[in-house]
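Observations on chain architecture
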Amino acid sequence: MHNFDFAKPTTIADAAKALAADGAQALSGGQTLIPTMKQRLAAPGVLVSLTGIAEMQGVCIGDGGLHIGAATPHAVVAKEAKAHYPALADLAGGIGDPAVRSRGTIGGSVANNDPAACYPSAVLASGATVVTNKRKIAADDYFQGLFTTALEEGEFITEVVFPIPQRAAYVKFNQPASRFALTGVFVAKFADGVRVAVTGAGNDGVFRWTEAEAALSANFSAAVISGLTVDPSGMNTDLHGSAAYRANLVKVLTGRAVTAAG
Amino acid sequence: MPKDHGIGASTKRREDVRFLTGRGVYTDDMALHGQTAAVFVRSNVAHGRIKSINTAKAAAMPGVLAIFTGEDFKDVGGNPAGWLINSRDGTPMREPKRPVLAHGKVRHVGDAYAAVIAETVAQAKDAAEQLAEDSVIEELPAIVDMKQAVADPSNRVHDEIPDNLCFDWGWIEDNRAAVDAAMKAAPHVVTLNLVNNRLVPNAMEPRASIGEYNPGTGDYKLTTTSQNPHLTRLLVSAFVLGIPENKLTVVAPDVGGGFGSKIYHYGEEALVLAAAKKLGRPVRWTAERSESFLTDAHGRDHVTKIELGCTKDGEILAIRTETLANVGAYLSNFSTATPTFLHGTLMSGPYKVPHVYVNVKTVFTNTAPVDAYRGAGRPEATYSLERVIDKMCRELGLDPFEVRRKNLLTPDQFPYQSPVGLLYDTGNYQATLDKAVQMADVVGFEKRAAESKARGKLRGMGLSTWIEACGIAPSNLVGILGSRVGLYDAATVRVNATGNISVMVGAHSHGQGHETVFAQIVAEKLGIPDSSVEIVHGDTSKIPFGMGSYGSRSLAVCGTAMTKAVDKIIAKGKKIAAHMLEAAEGDISFEDGKFQVAGTDKAKTFGEIAFSAYVPHNYPLETLEPGLEETAFYDPANFTYPAGAYICEVEVDEGTGKVDVVAFHCADDFGNVMNPMIVEGQVHGGVGQGIGQALCEFTAYDETGQLLTGSYMDYPMPRAEDVPFYNVDYSCQTPCTHNPLGVKGCGEAGAIGSPPAVINAVIDALQRGGHTHVTHIDMPVSPSRVWSAING
Ligand SMILES: Cc1cc2nc3c(=O)[nH]c(=O)nc-3n(C[C@H](O)[C@H](O)[C@H](O)COP(=O)(O)OP(=O)(O)OC[C@H]3O[C@@H](n4cnc5c(N)ncnc54)[C@H](O)[C@@H]3O)c2cc1C
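Numbering of residues starts from 1 in each chain and follows the order in which that chain's sequence is written. Numbering of ligands from 1 and lettering of chains from A proceed in the order in which they are written. pLDDT decides what is reported in this predicted model: residues at 70 or higher carry local features, side-chain atom pairs at 80 or more are listed and counted, and totals for whole chains, interfaces and linings draw on all residues regardless. Side-chain calculation: all heavy atoms of the structure are included, whereas hydrogens and water are not.

**Side note on the overall build of chain B**
In DSSP terms, a helix is any run of H or I states spanning at least four residues, a strand is any run of E spanning at least two, and both are numbered starting from the N terminus. Counting its regular elements, chain B contains 19 helices and 28 strands. The reference for a compact globule is 2.2 Å times residues^0.38; the radius of gyration itself is calculated from the C-alpha atoms. Taking 792 residues into account, the globule formula puts the C-alpha radius of gyration at 28 Å, and chain B, at 27 Å, falls close to it. By principal-axis analysis of the C-alpha atoms, chain B measures approximately 85 × 75 × 55 Å. Using a 1.4 Å probe on the protein chains alone, a residue whose accessible area is under 20% of its type maximum counts as buried, one over 50% counts as exposed, and one in between counts as partly exposed. Per-residue burial over chain B gives 63% buried out of 792 residues. Sequence-distant contacts in chain B: of pairs separated by 6 or more residues, those separated by 24 or more amount to 80%. Whether two residues are in contact is decided by their heavy atoms, any of which lying within 4.5 Å being enough.

**Focus: the layout of surface pockets**
Unfilled space is identified by rolling a water-sized probe across the atoms. Residue and element names in this part refer to chain B. A cavity here means a set of points on a 1 Å grid, drawn over the protein atoms and nothing else, where a 1.4 Å probe fits but cannot get out; a pocket is an open set with protein on both sides within 12 Å along at least five of seven lines, and a residue lines either one if it has an atom within 4 Å of a point. Grid points are joined across faces, edges and corners, and a volume is the space filled by probe spheres set on the points. Approximately 600 Å³ is the volume found for the second largest pocket. In this structure, the second largest pocket is lined by 26 residues; those nearest its centre are Val195, Asp301, Thr699, Ala700 and Arg785. For the lining of the second largest pocket, the secondary-structure elements that each account for two or more residues are helix H4 (146-151) and helix H19 (783-791). Partitioned by chemical class, the residues of the lining of the second largest pocket number 13 nonpolar, seven polar and six charged. Amino acids outside the nonpolar list (Ala, Val, Leu, Ile, Met, Phe, Trp, Tyr, Cys, Pro) and the charged list (Asp, Glu, Lys, Arg) are all regarded as polar, and Gly is one of them.

**A short note on the site of the ligand**
Residues and elements named next belong to chain A. When we say a residue is near a molecule or strand, we mean one of its heavy atoms is within 4 Å of it. Taken together, 28 residues lie near the ligand, and Ala26, Gly30, Gln31, Thr105 and Cys118 sit nearest. Between the ligand and the protein, one listed contact pairs an oxygen atom with a backbone N or O atom of Thr32 at 2.9 Å. Taking Lys172, its side chain carries an N or O atom lying 2.8 Å from an oxygen atom of the ligand. Protein chains bury 89% of the 960 Å² of accessible surface belonging to the ligand in isolation. Of all elements in the fold, only strand S2 (24-27) and helix H6 (106-112) reach the threshold of two or more residues within the shell around the ligand. Split by residue class, the shell around the ligand holds 14 nonpolar, twelve polar and two charged. Nitrogen and oxygen atoms within 3.5 Å of one another constitute a polar contact, given that in protein one can donate a hydrogen and the other can accept it, and given that sequence-neighbouring residues count only through two side-chain atoms. Only the protein chains shown count as cover for residues, and all accessible areas are computed by the Shrake-Rupley method using a 1.4 Å probe.

**Description of the sheet that holds strand S1 (residues 5-7) of chain A**
All names here are of chain A. One open sheet accounts for three strands, arranged S1-S3-S2; its pairing is parallel. With one partner strand each, in any of the chains shown, S1 and S2 form the two edges of the open sheet. Each neighbouring strand pair of the sheet contributes to a mean axis angle of 25 degrees, computed without reference to strand direction. Any two strands are treated as partners once DSSP identifies two or more bridges connecting them. Pairing geometry for S2 and strand S3 (residues 46-49), over four bridges, is parallel. Looking at S3, one finds that Gln25 is bridged to Leu47. Packing of helix H1 (residues 12-20) onto the sheet brings it into contact with S2 and S3, and relative to S2 it is tilted by some 140 degrees. To define axes, lines are fitted to C-alpha atoms, for helices over the stretch in contact only, and angles between the resulting N-to-C directions are given on a 0 to 180 degree scale.

**Let's talk about the interface of chain B and chain A**
The partner chain A presents 22 residues to the 25 residues of chain B that form the contact. The quantity reported as buried area is the accessible area (1.4 Å probe) lost by two parts once they are put together, taken as the sum for both. Interface area lost by chain B to chain A is led by Thr656, Met713 and Trp787 of chain B, which between them contribute 26%. Each reported salt bridge corresponds to a side-chain nitrogen of Lys or Arg within 4 Å of a carboxyl oxygen of Asp or Glu. At the boundary of chain B with chain A, the tally comes to five salt bridges. With its nearest N and O atoms 3.0 Å apart, the salt bridge here joins Asp722 of chain B to Arg179 of chain A. At the boundary of chain B and chain A, one finds 14 residue pairs in polar contact (both at pLDDT 80 or more).

**Some words on unusual backbone geometry**
Among all residues save glycine, negative phi is the norm, and among peptide bonds the norm is trans. Cis geometry marks the peptide bond from Phe414 of chain B to Pro415 of chain B, where omega comes out at -10 degrees. Within the secondary structure, Pro415 of chain B is located in the loop between helix H10 (400-407) and strand S16 (416-417). A cis amide bond, omega 0 degrees, links Ile472 of chain B with the succeeding residue Ala473 of chain B. Mapped onto the elements of the fold, Ala473 of chain B is located in the loop between strand S18 (458-467) and helix H13 (475-480). Even without being glycine, Phe147 of chain A reaches a positive phi, approximately 55 degrees.

**A closer look at the nonpolar core**
With 132 residues, the main nonpolar core has Ile389 and Phe664 of chain B as its most contacted residues. The dominant element in this core, judged by the number of residues it contributes, is helix H18 (residues 749-768) of chain B, at ten residues. Other than its neighbours up to four places away in sequence, Ile389 of chain B contacts Leu308, Ile316, Tyr351, Val403 and Arg404 of chain B. One finds Ala24, Leu66, Ala125 and Tyr170 of chain A within the second-largest nonpolar core, a separate group that totals 51 residues. Residues enter a nonpolar core if they are buried and are Ala, Val, Leu, Ile, Met, Phe, Trp, Tyr or Cys, with the set joined through side-chain atoms within 4.5 Å.

**Concerning the domain arrangement of chain B**
The parts lose accessible area when they come together, and the size of an interface is often stated as this lost area. Residue and element names in this part refer to chain B. These domain boundaries are the output of an automatic or database domain assignment. Under the domain assignment used here, chain B contains domain 1 (27-140 + 204-257 + 262-295), domain 2 (302-473 + 638-791) and domain 3 (488-634). Of note, the centres of domain 1 and domain 3, computed from C-alpha atoms alone, are 40 Å apart. Contacts between domain 1 and domain 3 engage 17 residues on the former and 15 residues on the latter. Interface area lost by domain 1 to domain 3 is led by Gln227, Asn228 and His230, which between them contribute 42%. Where domain 1 packs against domain 3, one counts zero salt bridges. Split into classes, the residues belonging to the side of domain 1 that touches domain 3 amount to nine nonpolar, seven polar and one charged.

**Quick notes on the pairing of strand S13 (residues 302-310) of chain B**
Each regular strand shows side chains that alternate between the opposite faces of the sheet. Residues and elements named next belong to chain B. Counting buried residues along S13, seven of its nine residues qualify, which places the element largely inside the surrounding structure. The sheet contact formed by strand S8 (residues 188-196) and S13 spans nine bridges and is antiparallel. Of the residues in S13, the one forming a bridge with Leu194 is Thr304. In the sheet, S13 pairs with strand S14 (residues 316-328) via nine bridges, with the strands oriented antiparallel. The partner of Glu307 across the bridge, within S14, is Arg320. Turn length for the S13-S14 hairpin, with the two strands adjacent in sequence and antiparallel, is five residues, and the turn residue Gly314 shows positive phi of about 90 degrees.

**Considerations on the sheet that holds strand S23 (residues 594-597) of chain B**
Strand pairing in a sheet relies on backbone hydrogen bonds, with the paired strands running either antiparallel or parallel. Residues and elements named next belong to chain B. Strand order across the open sheet formed by three strands is S22-S23-S24, with antiparallel pairing between neighbours. Two strands in the sheet have a free side with no partner beyond their single neighbour: strand S22 (588-591) and strand S24 (603-605). Ignoring strand direction, the axes of neighbouring strands in this sheet form an average angle of 20 degrees. Here four bridges tie S22 to S23, and the two strands are oriented antiparallel to one another. In the sheet register, Glu591 faces S23, and the bridge partner there is Lys594. Sheet strands touched by helix H16 (residues 606-614): S22, S23 and S24. Its angle to S24, the strand with the most contacts, is close to 80 degrees.

In structure tokens:
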């Protein structure tokens, strides 16, 4: 790790100021950033911790659904979202291990947009809103490919607002080593339709499986999925699974998610 | 009532008090006055010619104290292979020099070609980065695939070795023609091509070394993560740096696991010693996890074709194997023994097979060195054999249990001279098989399979009956087989004046629990509390000698040396008692901690004898020496032969290909058991590693020799959720006939017996599920592989 300066602001405004500095980078739970720095793959001059900002912490019901502060750790979401949005709480409770869940945060995960991360599927399937220090971004506009998002220089996530579906479930199939999602499917049924988001599988990061959405909106049952096909050409191939295997997982896990959503 | 102390008691591990409360002292925990930090500059190409290394800029960086390159070590010796193997045609193996730092060429990603010593690790890293930038390495085509390595003589890992072959070994070459004939004549021949997947050892504690040099005395000290401190001292002294053995102390303090990877001497150890001498300050190095992945000796990596000739009713007539075994870029210390004498000699397993022939070609590649890893050669043999027998059962429609029974050696056939050179002293393979069948409720399997089916899962059952040779090893035998060292062990039992005892043992404990078990044995033999016995290990300045811990040898070999030293103590005690009690030595008996004149109540306690040995106020000094301390060396008469039967049940999810091991039953024969709790723990750990190999672990290099599975993001380790609650039994005991404790060794059994049981179970599940085209899947049977096999 190279040396760096450290700032820990207590308000969003101060954080925005600190992050405007040259070479500054946001630090939330550090579960992605710190290992990268230890390997000397990242060397920010200033780390601006977002975990001391009260407005960016916690889970509560508010306008538009469930508000989760960007610096809220996964473990807190797993516990406090349970009563409001159990599928989301389940997802948070299945990330990494207890240490990762105690430190890693929703904001860090959504900002990082790792193609195998769990949260992006929930954000996209819920049609959530990513709130930043500058604006509100709809989930459909936010995710822009592998590790790429709509966030601009100096912009950071302050909270994520999730509309609460009638029924939902997240089914994750672990990558055997990292235990991130080799493929994960989040199914959310709202009054006006079903949204299905897939993480881990796509060449281009998290995506909506619109064919399944249409079929499930008409008939919310696992049986309708068996009639669909997933085109492997959009899927990722790596050491742990081919595109064809991932395409299969998308289908199998979607069916299971529908069953789990009840 | 189970015993609560001494031999056979499940005494809790005394070392766990320090380990579980954070008071263990590992190499990296030591802070030394004036210490400096070493960081290695490692090749990022798999194969390259070192054109130039410009040290000027790096040397001028803050905190930098010294820089070493391969040039600095070109005149010292190489790190040798411990076994010299001859090829089938009698020519000796090719042994390229393994230098302290790469010189001329780099031969695998991670191969260290320079080292920087600085005041701090961060400074050393900065300078190492600079040095890497200032080094010109011309990349050469990498040799990664073994078949290509042999086929393409133009591209060489070592310029002087034309076909990248270390040797082409035949075992037993004289039997080759007879085996070929038997195979030809066999009514049925089963052929199986398989890969024994390459594994990264992943000890919890990464390798670490500290070199010290005292200019006032000329003494060197190496503190290092070793399973085998005396061997390291020997190699550094006699082969690499030439430091006299009496001027070099090697200390292996608490060591956090090794699984084989810490048996060997590595260049980093020599470097920190040489650097400490140059600087007159301690030099320390601790591997980062990425370095462990790249440079710890890996395990397995065999590509094998096995053929089995049999009758139509499953009597095995002949076995023939051809194996390519990867040794990586350099020969690690045991790398030539592992695929040969620890592998070929086990190829008849626990069966009566008249004809067996094993051919192994060991191949150099631009990958990390490969060497012994828990089980070492024996898991490879067992896997090949148990898989091909399973395939035979399927091809001939035979019951795998019955086929095992038909071919297993029977108790009346011991001692048994195997066709591949071993003399099995004792065993009862039917007993362990019967036990396993009972433990696993084999008759209830169909009902469980139906329950699994109702939950949408395919259930399968797999069996493996295995044997291993451990208690390594008789020096006369291994000498004939090419070993450059003897494989005895040693112990000193020192009775202190106040009657408590320090035992200095050559075995090294890096998780096994020697400190507890060895003390139980000494205490039992002397009739004193376990707590009166302290076990000292891992320090060449304290212990007489030793060949370390590996090959399930600690108790069978070092434990025997210790037992013999205790016997000498008792003999000396009798002498002292005879003097004190004014009786003839022959009339003194020793029992329950008391020396007694036979037929009288005249007696002295062990404590009284000890005290008198050190306060010899009225000793007849011409015939009785003061003091009570004895040393014994023990060289085993034979290997020991643990054996057992393992039954695994799996459930397969057809939709995802995921395999769950839902039950695992082990019926082992380890001979006598000293501490049942520790034996069970060893079996749990071994089976866990075997399940890891079978289900998830693999090591992938791309065609340029980059390690793709170089971190836990991509190298799948088994976790608690991947293993079932093990069902372990060790009640079938045929004590070893040639060591006094009757012990055989239990450390590797689980890793040897379990992989084929898992794979056999997976194939069984798929076959039962109607996927009859799937007759084999190579390990690891990861979800994607199983799914592809089903759908492929
Ligand atoms: C062992 C392990 C297992 C894991 N398993 C999983 C898993 O199964 N599923 C899964 O989804 N994830 C997993 N993760 C990742 C984990 O969820 C991380 O918490 C997450 O990826 C990053 O969150 P963080 O708070 O730690 O972010 P940090 O590491 O602090 O930051 C990550 C990146 O986001 C930026 N950033 C942080 N906060 C903000 C913000 N509010 N606005 C804008 N940018 C910001 C940082 O500058 C940095 O670039 C795992 C991680 C580890 C170490």
